[in-house]
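Summary of the model geometry
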Amino acid sequence: MKLVLATSNKGKVREIQQFYKDYEVIPYSEFIDEFEIIEDGITFKDNALIKARAVFNAIKMDNIIVLADDSGISVDVLGGEPGIYSARYAGKDANDKDNLYKLVQSLELHNVTNSKAYYTAAIAIVTKESEFCVHGWMYGTVLNEVKGDGGFGYDPIFVPEGYDKTLGELNNEIKQKISHRAKALSLAKVILQTL
Ligand code: ITT
């Protein structure tokens, strides 16, 4: 089965390709030039569907299945921020490093060295006939210290529940078993098998 990914995030592409070894998972940039998609929804689900629909409509092929991921981290001491704004936490053109250090700085401004936090992933599937969306979560703690260089995004400051190392330090196989994305992708697999 051919799955077109509506994402420009290389970390997501890598994890989704590793998770769906039985499928041909192709980033949409292999069909058309990447374009800006305005993510103006107010939930992860809204934004995942916005991205999947935008890419489905832009590719103009009826027989494809498009999958999009909208995800982010919610930090208790920050009242759930950055949440759906995780990719833009340090500003419109911020990269992963800028966002990571901005989050460390926010913890310090709150005079804490750590906080409970969780990741959310919404995975949307869009075909000519149908639309679906499923979610997954991973709970843990964020630290004001950057450790390891595995994973991507906020992983070097996130310690999953039940572990004493960050996702930057832990083996990628562990993340692939316990992550928000892995949980949502296994639900999405059940849907894909019906298409
Ligand atoms: P696309 O919209 O093109 O998919 P994006 O990076 O802009 O790429 P999002 O809008 O979904 O994607 O933003 C997700 C943000 O949350 C981004 O800053 C990621 O670094 C972070 N994030 C999501 N999942 C993560 C994970 O598994 N590990 C670390 N950071 C993650």
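In the block above lies the structure referred to throughout.
Below you will find a few notes about this structure. (Residues numbered from 1 in each chain as written. Predicted model: local features only at pLDDT ≥ 70, side-chain atom pairs only at ≥ 80, totals over all residues. Heavy atoms only, no water.)

Focus on the sheet that holds strand β6 (residues 158-160)
Across the sheet, six strands lie side by side as β2-β1-β3-β4-β5-β6; this open sheet has mixed pairing. Where the open sheet ends on each side, the last strands, each with one partner, are β2 (24-27) and β6. With strand direction ignored, the average angle separating the axes of adjacent strands in the sheet is 35°. Pairing analysis gives 10 bridges linking strand β3 (residues 65-75) to strand β4 (residues 114-126), with the strands arranged antiparallel. Residue pairing in the sheet places Gly-72 in a bridge with Thr-120 of β4. (Pairing = 2+ DSSP bridges. Helix = DSSP H or I, 4+ residues; strand = E, 2+ residues; numbered from the N terminus. Axes fitted to C-alpha atoms, helices over the stretch in contact; angles between N-to-C directions.)

Points about the environment of Val-134
Counting through the fold element by element, Val-134 comes out in strand β5 (residues 131-143). Residues Val-134 and Leu-185, 51 residues apart in the sequence, show an inter-C-alpha distance of 8.1 Å. Apart from residues no more than four positions distant in its own chain, Val-134 is found in contact with Ala-121, Ala-122, Ile-123, Ala-184, Leu-187, Ala-188 and Ile-191. (Contact = heavy atoms within 4.5 Å.)

Re the pattern of salt bridges
Two side chains bearing opposite charge may form a pair once their charged atoms approach each other closely. Tallying each qualifying case throughout the model produces eight salt bridges. Lys-12 is the partner of Asp-69 in a salt bridge, and the nearest nitrogen-oxygen pair spans 3.2 Å. In this pair, Asp-69 is assigned in strand β3 and Lys-12 in helix α1 (residues 10-19), connecting sequence segments 57 residues apart. Pair check on accessibility: Asp-69 and Lys-12 agree, each one buried. When the shortest N-O distance is used, the salt bridge between Arg-53 and Glu-131 registers 2.6 Å. In this pair, Arg-53 sits in helix α2 (residues 44-59) while Glu-131 sits in strand β5, placing the two residues 78 residues apart along the sequence. One connected set of salt bridges, linked through shared partners, spans Lys-12, Glu-15, Asp-69, Asp-155, Lys-175 and Arg-181. (Salt bridge = Lys/Arg side-chain N within 4 Å of Asp/Glu carboxyl O. Buried < 20%, exposed > 50% of the residue type's maximum accessible area, 1.4 Å probe, protein only.)

Focus: the packing of aromatic side chains
When we look at a pair of aromatic rings, we describe it by the centre distance and by the angle of the planes. One pass over the structure, following the stated rule, counts five aromatic pairs. Taking 5.2 Å as the distance between ring centres and 75° as the angle between the ring planes, the aromatic pair formed by Tyr-20 and Tyr-23 counts as edge-to-face. A single burial state applies to Tyr-20 and to Tyr-23, both of which are buried. Among the aromatic residues, ring-to-ring pairing joins Phe-19, Tyr-20 and Tyr-23 into one connected group. Over the ring of Tyr-89 we find Lys-102, and its NZ or CZ is 5.4 Å from the ring centre. (Phe/Tyr/Trp six-rings, centres within 6.5 Å; stacked < 30°, edge-to-face > 60°. Lys NZ or Arg CZ within 6 Å of the ring centre and 35° of its normal.)

What about the site of the ligand?
By nearness alone, 21 residues border the ligand, and Thr-7, Lys-12, Lys-51, Asp-155 and Lys-175 come closest of all. Within the side chain of Lys-51, one N or O atom sits 2.8 Å away from an oxygen atom of the ligand. In the model, a nitrogen atom of the ligand is placed 2.9 Å from a nitrogen or oxygen of the Arg-181 side chain. Relative to its unbound accessible area of 620 Å², the ligand is 91% covered by the protein chains. Most atoms of the ligand, that is more than half of them, are within 2 Å of grid points of the largest pocket. Within the residue set of the shell around the ligand, elements represented by two or more residues are β3 and α5 (180-192). The element that contributes the greatest number of residues to the shell around the ligand is β3, accounting for four residues. (Near = heavy atom within 4 Å. Polar contact = N/O pair within 3.5 Å; in protein donor to acceptor, adjacent residues only side chain to side chain. Areas by Shrake-Rupley, 256 points an atom, 1.4 Å probe, with all protein chains shown as cover. 1 Å grid on protein atoms, 1.4 Å probe; cavity = no way out; pocket = protein on both sides within 12 Å on 5 of 7 lines; lining within 4 Å. Sits in = over half its atoms within 2 Å of the grid points.)

Looking at the environment of Gly-83
In this structure, Gly-83 sits in the loop between β3 and α3 (96-109). Between the alpha carbons of Gly-83 and Ala-48 there is a distance of 14 Å; along the sequence they are 35 residues apart. When near neighbours in sequence (up to four residues on either side) are disregarded, Gly-83 contacts Phe-44, Gly-72, Ile-73 and Ser-74.

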